[in-house]
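Architecture at a glance
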Amino acid sequence: MIALSDGTLVLEVYEVGAYVASLTHGGVDVILRGDPSRPTRGGMAFLAPFANRVKGGTYYFDGVRYELPKNEEGNAIHGLVLGARFEVADLGDDYVRLETSLEHPGYPSKLAIAVEYRVRGSLRARAEVRNLGGRRAPLVVGWHPYFVVEGGWALEGEGVKRCLAVGKIPTGDLVDHIFVPNGNYDDCFLVPSGRLVLTSAHGRVEIASDNMRYFQIYTGVPGAVAVEPMSGAPDAFNNGMGLTVLEPGASAEFGFEVKYSGPPHP
C-alpha cells in the first residue's frame, strides 16, 4: 500500500487494481474507507476497459462477437483490471504513477494502462490508455468513489440528463433530471459540464472532469453516495454512448478532480 500526502490530504493506494482505499482531509474521511477484497463496495476502484455494465456480457466490435465474464445478473460489470497488478513507475510524496497491461480473450486488443494520482490541495486522478495491438479497441474508463455523507445530502449539477434504462442498461434515450435530495439511485446521468457538487453535514465535495461527463450515482451503501465519473455510459460497447475507439498505436487520456471542504461553521 502506498500513502500520498500534501500535509492535509492523505491518499492510500494499493498496487492491485490501482485501488484507492481511503482519502482523508485533516484526518476526516472524504471517501468511505474501502477493502481491496471488495473494491466496488467502498474506497475508489478504477474501471477499464469498460465501466459499469455490458449487457449479457457480450458485444460485437468490428464484426467479431466477444464474451466477457458475467456476474449474478448475467451482465459483465466493472471492467477487467480490478485484480490486475500495477507496477509503480513513478512515486513522490504527493504523487504516484501506476502501470499495467491488459490482454483478455473477451477484448480485441492489448492495452497499456497508466493511472496517476496526485494530492495537492485536491485529488487529481488521471488515466492514460494506449492500444498496443493490431486491432481497434473500444474503451470506456471510470472510477467508483464512495463519498462520505452525514444525515441529509444533496447533489447538484447543470443541464443534467438521466439515461433511461431497462434492467440498469441504458436504452439510448435521455431526459432532463433534477436530483432529489436523499434520493435512491442506481442510475447513469449525462452532465454536460462534467461538474457535480455533493453536500451534506459532513462537508462539500466538488467533482469536475473535462472528458468524463457520464456519472453513475449509487446510494446502496449506507453513509455514502457513489458519484462515479465515466467516459461513457453503461453498455457503451453496445449502445455507443460516449464510446472511445482507439486505433492501433493510438492513446487517450481521462481524468477528474475532487475538492473537499468541511461543513460550514455554525
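Quick note: structure is the one above.
Below is a summary of the structure that appears in this document. Nothing here was measured: the structure is a model prediction, and the numbers come from that model.

1. Examining the overall build of the protein
Of regular secondary structure, the protein possesses one helix and 25 strands. The C-alpha atoms of the protein give a radius of gyration of 18 Å, which matches the 18 Å a tight globule of 266 residues would have. Considering only C-alpha atoms, the protein reaches an extent of 60 × 45 × 30 Å along its principal axes. Looking at the protein as a whole, 53% of its 266 residues are labelled buried.

2. Quick look at the pairing of strand 17 (residues 161–166)
Consecutive side chains along a regular strand alternate between the two faces of the sheet. Relative to strand 18 (residues 169–176), strand 17 runs antiparallel, the two being bridged by five bridges. By the bridge assignment for strand 18, C163 is matched with L174. Alignment of strand 17 against strand 19 (residues 186–190), held across two bridges, turns out to be antiparallel. Paired with K161 across the bridge in strand 19 is L190.

3. Considerations on the nonpolar core
Of all hydrophobic cores here, the largest spans 66 residues; its most connected members are F46, I113, Y117, V141, W143, I217 and V227. One finds L47, Y214, M230 and M241 within the second-largest nonpolar core, a separate group that totals 14 residues.

4. Comments concerning the pattern of salt bridges
Scanning all chains against the criterion turns up 20 salt bridges. Between R120 and D94 there is a salt bridge, with the nearest N and O atoms lying 3.1 Å from each other. Residue R120 is located in the loop between strand 12 (111–119) and strand 13 (123–131), and its partner D94 is located in the loop between strand 10 (87–91) and strand 11 (95–102); the two are separated by 26 residues in the primary sequence. Here R120 falls in the exposed class, since its relative accessible area comes to 56%. The closest approach of N and O atoms between R97 and E116, which form a salt bridge, is 2.4 Å. With R97 in strand 11 and E116 in strand 12, this pair connects stretches of sequence that are 19 residues apart. Ionic contacts of the salt-bridge type, sharing partners, join the residues R97, E99, E116, R126, E128, R130 and E253 into one network.

5. Structural notes on the pairing of strand 8 (residues 64–67)
Where strand 7 (residues 58–61) lies against strand 8, four bridges are found, and the strand directions are antiparallel. Residue Y59 lies in a different strand from strand 8, and its bridge partner there is Y66. A loop of two residues connects strand 7 with strand 8, the two strands running antiparallel in sequence, and D62 in this loop sits at a positive phi of about 50 degrees.

6. Topic: the sheet that holds strand 12
Within the open sheet, the eight strands sit side by side as 10-11-12-13-25-21-20-16. Their pairing is antiparallel. One side of each edge strand has no neighbouring strand; the edge strands of this open sheet are strand 10 and strand 16 (153–156). Each strand axis lies, on average, 15 degrees off the axis of its neighbour in the sheet, ignoring direction. Relative to strand 13, strand 12 runs antiparallel, the two sharing nine bridges. Considered in strand 13, the bridge of V119 is made with L123.

7. Focus on the side chain of T40
Relative to the elements of secondary structure, T40 occurs in the loop between strand 4 (28–31) and strand 5 (44–47). Assessed through its relative accessible area of 16%, T40 is described here as buried. Sequence-distant contacts of T40, that is, excluding residues within four places in its chain, are made with A45, H78, L82, H144 and Y146.

8. Re unusual backbone geometry
Looking along the chain, the bond that leaves A48 and enters P49 is cis, with omega of 0 degrees. Here P49 is to be found in the loop between strand 5 and strand 6 (53–54). Although it is not a glycine, N52 adopts a positive phi angle of roughly 65 degrees. In this structure N52 comes out as buried when scored by relative accessible area, which is 3%. Residue D235 is not a glycine yet carries a positive backbone phi of 65 degrees. Along the chain, the position of D235 falls in the loop between strand 23 (224–230) and helix 1 (236–239).

Procedures and definitions
- Residues numbered from 1 in each chain as written.
- Predicted model: local features only at pLDDT ≥ 70, side-chain atom pairs only at ≥ 80, totals over all residues.
- Heavy atoms only, no water.
- Helix = DSSP H or I, 4+ residues; strand = E, 2+ residues; numbered from the N terminus.
- Rg over C-alpha atoms; globule rule 2.2 N^0.38 Å.
- Buried < 20%, exposed > 50% of the residue type's maximum accessible area, 1.4 Å probe, protein only.
- Pairing = 2+ DSSP bridges.
- Core = buried A, V, L, I, M, F, W, Y, C linked by side-chain atoms within 4.5 Å.
- Salt bridge = Lys/Arg side-chain N within 4 Å of Asp/Glu carboxyl O.
- Axes fitted to C-alpha atoms, helices over the stretch in contact; angles between N-to-C directions.
- Contact = heavy atoms within 4.5 Å.

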